[in-house]
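A look at the structure
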Amino acid sequence: QQPVQSPQAVILREGEDAVINCSSSKALYSVHWYRQKHGEAPVFLMILLKGGEQKGHEKISASFNEKKQQSSLYLTASQLSYSGTYFCGTGGSNYKLTFGKGTLLTVNP
Amino acid sequence: GAGVSQSPSNKVTEKGKDVELRCDPISGHTALYWYRQSLGQGLEFLIYFQGNSAPDKSGLPSDRFSAERTGGSVSTLTIQRTQQEDSAVYLCASSLSGTSGSYEQYFGPGTRLTVT
């Protein structure tokens, strides 16, 4: 089942912080986060795994609450380049990811 | 190194025609995925390849859709007798392996398909 992302959209001024949430009704092994700019391919940001392992870009932080089957992506001191649509993909112990509908982030000067 | 490439970048076709979409994954990536993205929607899983095998075709919307992968590399997604509801962006992704969820996926730029 498709994870639910919230908020659907958020508008920030440069330098402000944002949190994007991803919630699943199924037990999770992994949560992936990607960012997609308009007309471009989604770009990998971070993977969070059951048990606490994480890998991704140093400037990105995220959390994974296994019991609540939720993940949050933290964007601090936002820059104009952070604008785009953020997708979470949730997965079991194999290859398959189910993606949410995305959160549109707009950072204004 | 080179990323995932897809061709064509845009395709306009008439309803009822067949189309072929091509994906060239990152060299050495054994796992390959096809997704469909409609306006305002997330990424809809279509099919997964591990090597040349497709253990999961569960996302293919109908029997008009098929895909193959040859030489553990290039993949082709074929849509027969296209319908207007097939209009979408078709994204391909590859990863080092598909044996677990711990490998990031690298996406191609997509093929925008428009069925008139």
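I will try to describe carefully the structure that is included in this document. (Residues numbered from 1 in each chain as written. Chains lettered and ligands numbered in written order. Predicted model: local features only at pLDDT ≥ 70, side-chain atom pairs only at ≥ 80, totals over all residues. Heavy atoms only, no water.)

As for the pairing of strand 11 (residues 111–115) of chain B
Successive side chains on a regular strand alternate, one facing one side of the sheet and the next facing the other. Residues and elements named next belong to chain B. In strand 11, alternate side chains face the same way, and those of Thr111, Leu113 and Val115 are buried while those of Arg112 and Thr114 on the opposite face are not. Pairing of strand 2 (residues 10–13) with strand 11 involves four bridges; the strand directions are parallel. Bridge pairing in strand 11 links Asn10 to Arg112. With three bridges joining them, strand 9 (residues 88–95) and strand 11 adopt antiparallel strand pairing. Within the sheet, the bridge partner assigned to Val89 lies in strand 11 and is Arg112. (Buried < 20%, exposed > 50% of the residue type's maximum accessible area, 1.4 Å probe, protein only. Helix = DSSP H or I, 4+ residues; strand = E, 2+ residues; numbered from the N terminus. Pairing = 2+ DSSP bridges.)

A word on the nonpolar core
Nonpolar side chains in soluble globular proteins tend to be buried together. Core analysis: the largest hydrophobic core is formed by 21 residues, its most contacted members being Trp33, Leu73, Leu75, Tyr86 and Leu105 of chain A. Elements with a contribution of two residues or more to this core: strand 2 (9–13), strand 3 (18–23), strand 4 (30–36), strand 5 (43–49), strand 7 (61–65), strand 8 (70–75), strand 9 (84–91) and strand 11 (103–108) of chain A. (Core = buried A, V, L, I, M, F, W, Y, C linked by side-chain atoms within 4.5 Å.)

Quick notes on the pairing of strand 2 of chain A
Residue and element names in this part refer to chain A. With burial as the criterion, only one face of strand 2 is covered, namely that bearing Val10 and Leu12; the residues Ala9, Ile11 and Arg13 on the opposite face remain uncovered. Note that strand 2 and strand 11 share five bridges and pair parallel. Bridge pairing in strand 11 places Ile11 opposite Thr106.

So, unusual backbone geometry
Of the consecutive residues Ser6 of chain A and Pro7 of chain A, the connecting peptide bond is found in the cis state with omega at -10°. For Pro7 of chain A, the position within the fold is in the loop between strand 1 (4–6) and strand 2. Here the bond from Ser7 of chain B into Pro8 of chain B is cis, since omega is -10°, no more than 30 degrees from zero. Positive phi outside glycine occurs at Ala77 of chain A, with the angle close to 45°. Examined against the element boundaries, Ala77 of chain A turns out to sit in the loop between strand 8 and strand 9. A positive phi is found at Arg81 of chain B, a non-glycine position, where the angle reads about 50°.

Some remarks on the state of the cysteines
All names here are of chain A. Within this structure, the stated rule accounts for two disulfides over all chains. Across a sulfur-sulfur distance of 2.0 Å, Cys22 and Cys88 are joined as a disulfide pair. Here the disulfide of Cys22 and Cys88 is right-handed, its torsion about the S-S bond being about 70°. Of this pair, Cys22 sits in strand 3 while Cys88 sits in strand 9, and the two are 66 residues apart along the sequence. Taken as a pair, Cys22 and Cys88 share a single burial class, namely buried. (Disulfide = S-S within 2.5 Å.)

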